[in-house]
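Chains, contacts and geometry: an overview
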Amino acid sequence: MKYSKVLILIIVIILIAVGCMNIHKLSLTEDSFSSGANPADKDNTGNDYSGNVFNQEFYDRIYALNGQEFLNSLETSDNKKSTADKEEPDDKESPVKNTESENSKPEVSTSQENTEVPLEHLINIQNPSALNITQMSSEELIFLFSFLSHPIQGAKVSSVNGQLPNAPRTYRNGVHEGLDYYGGSCGVSVTKDTSVLAAGPGTVIRADHGFLEMTQAEYDEAIQISKSSAITPEDLLDKFRGMQIWIQHEHGIITRYAHLDSIDSSIQVGTVVQKGQKIGNTGNTGTRESVQGSGSGIHLHFEIWLNGSFLGKGKSVSTVRNIYSQALK
Ligand SMILES: [Zn+2]
């Protein structure tokens, strides 16, 4: 009986031992499944599904879902991750794009400025004989004549409207074709000692070295003929301008300097002059005062011509003042 109890005990121990071995075997199987050694345990990105934390998640998921649902969950998860990977750079690129957009604004602006046609191309300077300065805008005229400067040092456009081009001259039925520089209204004093300067580089085409003033009778007759005419005849108007110098400039532009008291001996027809070069002195020749032998009324009468029109012809006082003030500097 004692041996039988011992045998039963041994059998029970053996059964217990076998049971423990089975349990351990099952445990080993689960461990090997979760070891991560299987290539299927790696996702598309190559990340190894290993580690205790992931293993617990993996088990939770595989146990909660059937096979297809698990694969779908992996795919969905990967898509989300992939989307997140794409969205993140997009968010980062967004300010870059904005920066580029902001940076591109000045380029666009510059491009627009560059696309504007330069003024010199709007004016057909290649064919200057076709230029009609009575039809050109103030901007174009200022551009075209900006190479000129005032013919008296330090002077500016007269403050008196009647001394501007296009002002009426009723005493001779005509218009004023030039700009007058009187002391007091042009900003500097003007006397017989005042130098007259070439307004721009050019060639002298007229220099009245042999000028003879009109007699009183000649002057009165000229005024009488002018008053009875529709407009001052050109030959008489030329007498009213007194002693003159004319200079031919680029594009056929001509400047006239009138009422001179004297002309420098070096200034002859054909003489090439530079801008600012002294060509004579101011006076009052061709005027009533000069004819009467008076020394009053000294001033320079300065004209700018192109293709038969003086600068300012037909324009308002304010427009003329603006053009001359902007062009002559
Ligand atoms: Zn004048």
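Residues numbered from 1 in each chain as written. Predicted model: local features only at pLDDT ≥ 70, side-chain atom pairs only at ≥ 80, totals over all residues.

Remarks on helix H9 (residues 317-327)
Counted only if it meets this: Exposure classification rests on a simple neighbour count of other C-beta atoms within 10 Å of a residue's own: a residue reaching 20 or more is buried, one at 12 or fewer is exposed, and one in between is partly exposed. C-beta atoms are placed from the backbone. Helix numbering and strand numbering both begin at the N terminus, where a helix is a DSSP run of H or I of at least 4 residues and a strand a DSSP run of E of at least 2. Taking the helix axis as origin, the arc is that swept by the directions to the C-beta atoms. Residues are scored as being in contact if the C-beta atoms we place from backbone atoms lie within 7 Å.
Along H9, the residues classified as buried are Val320, Ile323, Tyr324 and Ala327. Across the axial projection of H9, the buried residues extend over an arc of 90°, all falling on one side. Exposed residues pointing more than 90 degrees away from the buried face of H9 are listed as Ser318 and Ser325. In this structure, the buried side of H9 is in contact with helix H5 (138-145) and strand E3 (179-182).

What to know about the nonpolar core
Worth spelling out the cut-off: Nonpolar cores are identified as sets of buried Ala, Val, Leu, Ile, Met, Phe, Trp, Tyr and Cys residues joined via C-beta atoms within 7 Å.
Counting 43 residues, the largest nonpolar core has Ile152, Ile245, Tyr257 and Ile279 as its most contacted members. Setting aside anything within four residues of it in sequence, one finds Ile152 in contact with Tyr181, Cys186, Val188, Val190, Thr194, Val196, Leu197 and Leu300. Judged by nonpolar contacts, the second largest core, of six residues, contains Ala222, Leu236, Phe240 and Val291.

Describing the sheet that holds strand E10 (residues 278-282)
So the rule is basically this: For two strands to count as paired, DSSP must find a minimum of two bridges between them. Axis lines are fitted to C-alpha atoms, over the contacting stretch for helices. Their N-to-C directions set the angle, which ranges from 0 to 180 degrees.
In spatial order, the strands read E4-E10-E8; together these three strands make up an open sheet with antiparallel pairing. Each having just a single partner strand, strand E4 (195-197) and strand E8 (260-263) make up the two edges of the open sheet. In this sheet, adjacent strand axes meet at a mean angle of 40° when their direction is disregarded. Across three bridges, E4 lies against E10 in antiparallel orientation. Directly across from Ser195, in E10, lies its bridge partner Asn281.

Comments concerning the environment of Ser266
Of note, Ser266 is situated in the loop between E8 and strand E9 (272-273). Judged by C-beta crowding, with 12 C-beta atoms within 10 Å, Ser266 ranks as exposed. Distance from Ser266 to Gly280, taken between C-alpha atoms, is 9.7 Å for residues 14 residues apart in sequence.

Points about the packing of H5 against H9
Note the threshold: If you view the pair so one helix is near and one far, a crossing is left-handed when the near helix is turned anticlockwise from the far one by less than a right angle, and right-handed when it is turned clockwise. For this classification, Asp, Glu, Lys and Arg are treated as charged, while Ala, Val, Leu, Ile, Met, Phe, Trp, Tyr, Cys and Pro are nonpolar and the rest, including Gly, are polar.
Packing of H5 against H9 leaves a shortest axis separation of 8 Å and a crossing angle of 35°. Between H5 and H9 lies a crossing of right-handed hand. Seen from H5, the contacting residues are Ser138, Leu141, Ile142 and Phe145; seen from H9, they are Thr319, Asn322, Ile323, Gln326 and Ala327. Residue classes in the contact of H5 with H9 are distributed as five nonpolar, four polar and no charged.

Overview of the pairing of strand E11 (residues 299-306)
A large share of E11 lies buried, amounting to seven of its eight residues. One ladder, built from four bridges, connects E3 with E11; its direction is antiparallel. Along E11, the bridge assignment pairs Asp180 with His301. In this sheet, E11 lies alongside strand E7 (residues 254-258) in antiparallel orientation, the contact comprising five bridges. Following the sheet pairing, Ile254 is matched in E11 by Trp305.

Quick notes on the confidence of the model for the protein
Convention followed: By definition, pLDDT measures how confident the predictor is in each residue, and it falls between 0 and 100.
Per-residue pLDDT for the protein has a mean of 76; in total, 63% of the residues score no lower than 70. Across residues 22-113, where pLDDT falls below 50, the model places 22 contacts with residues more than four positions away in sequence or in other chains.

Remarks on the environment of Ala130
Within the secondary structure, Ala130 sits in the loop between helix H4 (119-122) and H5. Overall, the presence of 9 C-beta atoms within 10 Å leaves Ala130 in the exposed class. Sequence spacing of Ala130 and Asn307 is 177 residues, and the spatial spacing of their C-alpha atoms is 8.0 Å.

Topic: the environment of Lys313
Position of Lys313 among the secondary structure elements: in the loop between strand E12 (309-310) and H9. When the C-alpha atoms of Lys313 and Ala167 are compared, they prove to be 9.4 Å apart, with 146 residues separating the residues in sequence. In this structure, Lys313 is in contact with Thr134 and Asn166, ignoring residues within four places of it in sequence.

Quick look at unusual backbone geometry
Phi is positive for Asn173, close to 50°, though the residue is something other than glycine. Positionally, Asn173 belongs in the loop between strand E1 (168-169) and strand E2 (174-175). Even without a glycine there, the phi angle at Asn307 is positive, about 55°. Along the polypeptide, Asn307 turns up in the loop between E11 and E12.

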